[in-house]
Amino acid sequence: MQNNNERLDLWLAVSQIHSSVNDKLEQALLKQYDISLKEFCVLKFVSSSPCKELRLQQLQELVGLSQSATSRLVDRMGAPSVGALERHTCADDRRGIYTRITESGEHKYQQALETVNQVLNAELNSDGILTELEILVQKLLK
C-alpha cells in the first residue's frame, strides 16, 4: 500500500457503494411491499433454510440484530395483519424458539426477490458501479 490511508479509503469507497445500493433496495421494498430490507433478509434466510424455519438465535446472527430487535421484528412479521412468519417452541427444548415462513410470507418473499434483483441489476450496472466495485475489492485484497 502506498500510504497508511489507502486501504481505509478503499474500504470507505466500498462502504459508500454498499450504502447507496442498500438505500435504493430499502426504498423499493418499502414502496412496493411495505417491508424493510432487514425484513426482506429475514424472509430470505428463513425461506432458504432447511424446513423453511430457523431458530431465533440463528436468525439473530444472520440478520445482525440484537436478540430483542430480532424478536420484535419477527413479532411484527408474524402479526395477523402481515402473516409472513409464525413462531413455535422446540418440542425437545422449550427454551428454543423457531420462526417459520408462512405460505403468504413465501409469496411475499418471491415477489420482493424479483424487485431486489431488478434494483441490484439497475444499480450495479449504472455508471460502471459493478466494475468500480470489482476494482476496489481487488485492490483491497492486495
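Located above this text is the structure these notes cover.
Residues numbered from 1 in each chain as written. Predicted model: local features only at pLDDT ≥ 70, side-chain atom pairs only at ≥ 80, totals over all residues. Heavy atoms only, no water.

### A word on the side chain of Thr99
Note on placement: Thr99 falls in strand E3 (residues 97-101). A residue is classified by how much of its surface remains accessible, and Thr99, at 0% relative accessible area, is buried. Here the side chain of Thr99 touches Glu86 through a polar contact of 3.5 Å, landing on its backbone oxygen. (Helix = DSSP H or I, 4+ residues; strand = E, 2+ residues; numbered from the N terminus. Buried < 20%, exposed > 50% of the residue type's maximum accessible area, 1.4 Å probe, protein only. Polar contact = N/O pair within 3.5 Å; in protein donor to acceptor, adjacent residues only side chain to side chain.)

### Remarks on the sheet that holds strand E1 (residues 53-55)
Strand order in the open sheet made by the three strands is E1-E3-E2, with antiparallel pairing throughout. Since the sheet does not close on itself, it has two edges, and those belong to E1 and strand E2 (85-89), each with one partner. Each neighbouring strand pair of the sheet contributes to a mean axis angle of 25 degrees, computed without reference to strand direction. By the bridge criterion, five bridges tie E2 to E3 in an arrangement that is antiparallel. Directly across from Leu85, in E3, lies its bridge partner Ile101. This element, helix H2 (residues 37-48), spans E1, E2 and E3 of the sheet and lies at about 95 degrees to E3. (Pairing = 2+ DSSP bridges. Axes fitted to C-alpha atoms, helices over the stretch in contact; angles between N-to-C directions. Contact = heavy atoms within 4.5 Å.)

### Topic: the nonpolar core
In this structure, Leu29, Phe40, Val42, Leu43 and Leu85 are the most contacted members of the largest nonpolar core, which totals 31 residues. Listed by contribution, the elements that provide at least two residues to this core are helix H1 (6-33), H2, helix H3 (56-63), helix H4 (67-78), helix H5 (103-125) and helix H6 (129-141). No other element matches the eight residues that H1 contributes to this core. Ignoring any residue separated from it by four or fewer positions in sequence, one finds Leu29 in contact with Asp34, Ile35, Ser36, Leu37, Phe40, Ala112 and Val116. (Core = buried A, V, L, I, M, F, W, Y, C linked by side-chain atoms within 4.5 Å.)

### Comments concerning unusual backbone geometry
At Asp34, a residue that is not glycine, the phi angle is positive and equals roughly 55 degrees. Note on placement: Asp34 falls in the loop between H1 and H2. The backbone of Asp127 sits at a positive phi, close to 50 degrees, despite the residue not being glycine. Tracing the backbone through its elements, the reader meets Asp127 in the loop between H5 and H6.

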